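Here are the chains, one letter per residue:
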Amino acid sequence: DFLALRLVNGNDCAGRVEVFYNGTWGSICSNRMSQLTAVTVCKHLGCGEEGGIAPDFKYGRGSGPTWLDHIECTKQHSSLWQCQSDPWDPRSCDNRAEETHITCTGRKEATSPAAFAECPNSTSCSDREKLRVMGGEDECSGRVEIWHQGSWGTICDDAWDVADANVVCRQLGCGSAVSALSEAAFGEGTGPIWLEKVHCKGTELSLWDCPAKPLIGKNCDHKEDAAVNCSDVLPIFHTCLFLNLDSPSFCSCDRNNSITHESSTRLSVPVILCIILGILLCLVLAILTGQIRRARAQQR
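Residues numbered from 1 in each chain as written. Predicted model: local features only at pLDDT ≥ 70, side-chain atom pairs only at ≥ 80, totals over all residues. Heavy atoms only, no water.

### Description of the state of the cysteines
Overall, the coordinates contain eight disulfides when judged by the stated rule. Disulfide pairing is shown between C13 and C47; the S-S distance is 2.0 Å. Sign of the S-S torsion, about -80° for the bond between C13 and C47, identifies this disulfide as left-handed. Here the residue C13 occupies a position in the loop between β1 (4-11) and β2 (14-21), and C47 occupies one in the loop between α1 (35-44) and β4 (51-53), the gap between them amounting to 34 residues. Neither residue differs from the other here; C13 and C47 are each classed as buried. At a sulfur-sulfur separation of 2.1 Å, the disulfide partner of C200 is C210. (Disulfide = S-S within 2.5 Å. Helix = DSSP H or I, 4+ residues; strand = E, 2+ residues; numbered from the N terminus. Buried < 20%, exposed > 50% of the residue type's maximum accessible area, 1.4 Å probe, protein only.)

Okay, structure coming up:
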């Protein structure tokens, strides 16, 4: 359900406008589209501060859905996702003649491959690594943040409930949800707000399996960041037992996973062997006693 934007059949800064939504690339309609909206598309793509709507279907016609219509941007908008529009609809345009073609005057600046990396710390990662909670007391409570288009962003609390929180907690390895919190319960985030109206059933293994809407316009701000409280705490603090013939001891691991040992009664190898032999001797005596009793019973 996450969004992306591109220009096709031209170059990086000129072409037919397409958006990626619900797993499919599709066009947008030009009805009521102003010069400001075209400029916003150029800004969004890093193609300068100026641009315009290209006439005469210069960049060909699309074949997929037509996702959006009546997009209206203002001077304050730097991203198409901030602009107002009609709801998502795969048949937004009446015909292909309404598809949007844009030419920007600038050129894309070269960016490093990590600028829009799919993963926060590596070239390949799991859904678990693209999800985190921030601002809580541990790694199992806090403001929910997801990694998308090269940056961490939050989720709007519209329709946020325990079913959604359950999926987040399970994905984090933190058990089930104690509560689904709203209104920036763990503080306001920064950066983009990537999603709103997440609708999980609660049985999904990943938040990415849940239906959701990308945030369009100013429907939400960081005062509405969603958060969770999970039932478990990640095993940062735990107690372990090292069995050592020379010196059995307990250890505890701190938040940095460094191990500290707690001394216990020192047992030498001969003492341990005597204990084992004593147990074996008791077993042998018990078996012999049982056999003697059975033999006497048979003689009678």
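### Considering the packing of aromatic side chains
One pass over the structure, following the stated rule, counts five aromatic pairs. Here the aromatic rings of F20 and W25 are separated by 5.3 Å at their centres, their planes lie at 55°, and the arrangement is tilted. By relative accessible area, which is 26% here, F20 ends up partly exposed. Both rings, one in W147 and one in W152, keep their centres 5.5 Å apart while their planes meet at 70°; by these two values the pair is edge-to-face. Through a chain of ring-to-ring contacts, the aromatic side chains of Y21, W67 and W88 assemble into a single cluster. (Phe/Tyr/Trp six-rings, centres within 6.5 Å; stacked < 30°, edge-to-face > 60°.)

### A word on the pattern of salt bridges
For the structure shown, the criterion picks out seven salt bridges. With its nearest N and O atoms 2.7 Å apart, the salt bridge here joins E18 to R6. Placement of the pair is E18 in strand β2 and R6 in strand β1, with a sequence separation of twelve residues. Accessibility expressed as a relative area gives 31% for R6, which makes it partly exposed. Put simply, R96 and E99 hold a salt bridge, and the shortest N to O gap is 2.7 Å. Residue R96 is classed as partly exposed on the basis of its relative accessible area of 23%. A relative accessible area of 3% places E99 in the buried class. If you follow the salt bridges from partner to partner, you end up with R6, R16 and E18 in one network. (Salt bridge = Lys/Arg side-chain N within 4 Å of Asp/Glu carboxyl O.)

### Considerations on the nonpolar core
V144, I155, W160, V168, V198, L207 and V228 are the most contacted members of the largest nonpolar core, which has 24 residues in total. For this core, the secondary-structure elements that each account for two or more residues are β7 (131-135), β8 (141-148), α2 (162-172), β11 (193-196) and β13 (227-230). With five residues, α2 is the single largest residue contributor to this core. With residues near it in sequence (within four places) discarded, L207 still touches L131, I146, I155, V167, V168, Q171, V198 and C200. Formed by 23 residues, the second largest nonpolar core is a distinct cluster that contains L5, A38, L68 and W88. (Core = buried A, V, L, I, M, F, W, Y, C linked by side-chain atoms within 4.5 Å. Contact = heavy atoms within 4.5 Å.)

### A look at unusual backbone geometry
Phi angles above zero are rare outside glycine, and H70 is one such case at about 55°. Within the secondary structure layout, H70 lies in the loop between β5 (66-68) and β6 (101-104). Its relative accessible area of 23% is what places H70 among the partly exposed residues.

### Quick look at α2
Buried residues dominate α2, accounting for nine of its eleven residues. For α2, the set of buried residues is A163, D164, A165, N166, V167, V168, C169, Q171 and L172. Buried residues along α2 sit against β7, β8, β10 (177-181) and β13. The distance from a side-chain oxygen at the start of α2 to the backbone nitrogen of A163 is 3.2 Å, and the residue carrying that oxygen is D161. In the stretch just after α2, G173 is the one whose phi turns positive, near 75°. (Polar contact = N/O pair within 3.5 Å; in protein donor to acceptor, adjacent residues only side chain to side chain.)

By themselves, these are just geometric observations and shouldn't be taken as functional.
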